Structures are given as C-alpha cells and as structure tokens.
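The lines below spell out each chain.
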Amino acid sequence: MQCAGLRSSSPAPTAAWMGRRPRTARWPRGRLPAARRVVVASAAASDANSSSNSPGKDEEREEVARKEKEEKAAASLLMRSQKYAMLKQQLAVAAQFEDYKEAARLRDSLRSFEEEEPVLRLRRLMKKAIQEERFEDAAKYRDELKILAPHSLLKCSSDATTLGIRVQVRSVYIESRSQPLKGQFFFAYRIRITNNSQRPVQLLRRHWIVTDGNGRTENIWGVGVVGEQPVIFPRTGFEYSSACPLSTPNGRMEGDFEMKHIDKAGSSTFNVAIAPFSLSILGDDNDVLL
C-alpha cells in the first residue's frame, strides 16, 4: 500500500560512495589494444575460413560452375547447329536454281564445318576407335560427348519389341521445310510396326513425348495414326510417315501405342513401347532407312 506525502528513510551513505565513484576495469577508448586486436582478427579469419571451406559451400560452388559450363556448351552447340542448318539449306537452294558455283562454295564450307564441328569430330574418332578396338579411347570420346552434347549419343533411329509387336523408327531433318533463322526446324520420321506374335492386334491410340533441345517437354495424345486404327495380323506389318516441328535444331521423341488383341472379345488393351530416338540436324552415322 502506498501512502501519499510520506517518504521512507534511506540509510546514510557509506564511505565508499561518499567520494568519487570507484573505477572499474574497462578497455580504453579508441584503438583496441594490440593483444585484443590479434585475438579478434584471428577469430574472424577462423570463422571466414571455416565458412568458405565448408563442404556444403564447396559443393554448391561446384554445382553452380557445372551448370554454367553446361549452359555455355548448350548455347554454343545451338549456334553451331543453326549455322550448319543454314548452310545445308543454302546449298539446297543453290542447287535447285542451278547456281553451281555458289553450290560448290557452300559444299566446301559444309565439309570444312563438318571437319571442325566438335560433335561430328568426336563421333568420327569414337567410331574409328571402336573399329580399331581401342575401347579405352572410345570410352574417353563418349564421355566427352556426354558433356558436350548428351543428346548426340542418341541415334536418329530406335527399335523396340513389346509382347511380340516390334516398332522401328527413323527420323530425318527436312531442310526444305525448315527456317533456321526463325528458329523453325522440321523433322520427318517413318515408323514400321511388325506383328511377330501369334495374335492379330489393332492400334487404338498413340502417345508421344517430345523434348526439345532446351529440355522443354510436351505430351501428345491422339486416336490411331495418320487417320487410321490399323489391324495388324500375325507376320504382317504397317508403315506410315509423319513429322514433328521443333524450335531447336535437336531434340528427342519417345512414346507408346495403345493396342488390343481382336481375336477374343473383351481383351484388355496394352501399351507397346516406342523407344527414344533423336531429332537432329547433324544426323548420325547410320544412314540406313526403313
């Protein structure tokens, strides 16, 4: 309880407080003593070293450097691929209009480009090393290709069999329908489906997964192929051609066909794999067409 107008008595000041306030130990103002500066600097350096040399930081820096290297390689490959596509298109136009002098010049430019192009050079070296059974060298060239252009190891053809249904694919770059300067690249592909089973099947639907050179992926579904839902009997086949436009000079496709057996009512559907294949203006070493 408080009482107005009253003040509690304070004890008399002791001798210790009657004079000046006693000094307490403290660092002098201004610059730190040399000994303390050394301690502080040593601690800061230790913290900095422990932070910069931590495993997590090192891994993060390595990952950033790796991504930057991959992005630079991809950009360089894109520019070279566009130049290659443009040269091929110009050669086709020159030959079409019978400008043979220009066609010869462009032909020589293409040959020079193909000799200097890193992807094509590494492919040639790897192929030669395999033929000569220098497999250690072939592995080295393959690893370099994986870093430089991972997609280049994928062939422009594929072959897969599911439940006796074989699907073969071959792609090719079409210069006449492409416009490299506008970022338009046109690829055609031919598919052969062979029924090596003992039962007739019908192709009902298709599903494609298309990935461009920048890693963008698109899923495409449709009924049948080229306007048909073909029935394929044992030991027979079905072939068709189609096309795929891309905004980059390389990419890949894969997918599946939904089919069913038609020799028995109520048969369930099943998926037949279409193995991955490349879409590339550089092509590959396999010139065999389906």
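Note that the coordinates shown come from a computational prediction; the quantities given were computed from them, not determined experimentally.

Novice: Account for the pairing of strand β4 (residues 201-212), with residues named and values stated.
Specialist: With 9 of its 12 residues buried, β4 lies for the most part within the structure. Bridging between β4 and strand β6 (residues 231-232) involves 2 bridges; their strand directions are antiparallel. The residue of β6 that forms the bridge with glutamine 202 is valine 231. Pairing of β4 with strand β8 (residues 250-261), which is carried by 11 bridges, proceeds in the antiparallel orientation. Within the sheet, the bridge partner assigned to threonine 211 lies in β8 and is arginine 252. Note that β4 and strand β5 (residues 217-223) share 7 bridges and pair antiparallel. Bridge pairing in β5 links tryptophan 208 to isoleucine 220. Taken together, β4 and the strand that follows it, β5, pair antiparallel across an intervening segment of 4 residues, in which glycine 215 is found at a positive phi of about 90 degrees.

Novice: Any chance you could break down a nonpolar patch on the surface for me, citing the residues and the numbers?
Specialist: Together, Val231, Phe233 and Ile262 make up an exposed nonpolar region whose accessible area comes to about 250 Å². You can see phenylalanine 233 is positioned in the loop between β6 and β7 (237-246). We classify phenylalanine 233 as partly exposed; its relative accessible area is 48%.

Novice: Requested: an account of the environment of tyrosine 84, with residues and values cited.
Specialist: Assignment of secondary structure puts tyrosine 84 in helix α3 (residues 55-96). Residue tyrosine 84 is classed as buried on the basis of its relative accessible area, which comes to 5%. Each C-alpha atom, one on tyrosine 84 and one on serine 109, is 9.5 Å from the other, the two residues being 25 residues apart in sequence.

Novice: Can you tell me about the packing of helix α4 (residues 100-116) against helix α5 (residues 118-131), naming the residues and giving the values?
Specialist: Relative orientation of the contacting elements α4 and α5 amounts to 65 degrees, with a least axis distance of 5 Å. On the basis of their axis angle, the class for α4 and α5 is roughly perpendicular. Residue-level inspection shows Glu114, Glu115 and Glu116 of α4 in contact with α5, the latter providing Pro118, Leu120, Arg121 and Arg124. In the contact of α4 with α5, the residues fall into 2 nonpolar, no polar and 5 charged.

Parameters at a glance
- Residues numbered from 1 in each chain as written.
- Predicted model: local features only at pLDDT ≥ 70, side-chain atom pairs only at ≥ 80, totals over all residues.
- Heavy atoms only, no water.
- Buried < 20%, exposed > 50% of the residue type's maximum accessible area, 1.4 Å probe, protein only.
- Helix = DSSP H or I, 4+ residues; strand = E, 2+ residues; numbered from the N terminus.
- Pairing = 2+ DSSP bridges.
- Patch = residues over 30% accessible without salt bridge, like charges linked within 9 Å, V, L, I, M, F, W, Y side chains within 5 Å.
- Areas by Shrake-Rupley, 256 points an atom, 1.4 Å probe, with all protein chains shown as cover.
- Salt bridge = Lys/Arg side-chain N within 4 Å of Asp/Glu carboxyl O.
- Axes fitted to C-alpha atoms, helices over the stretch in contact; angles between N-to-C directions.
- Parallel < 35°, antiparallel > 145°, perpendicular 65-115°, else oblique.
- Contact = heavy atoms within 4.5 Å.
- Nonpolar A, V, L, I, M, F, W, Y, C, P; charged D, E, K, R; others polar.

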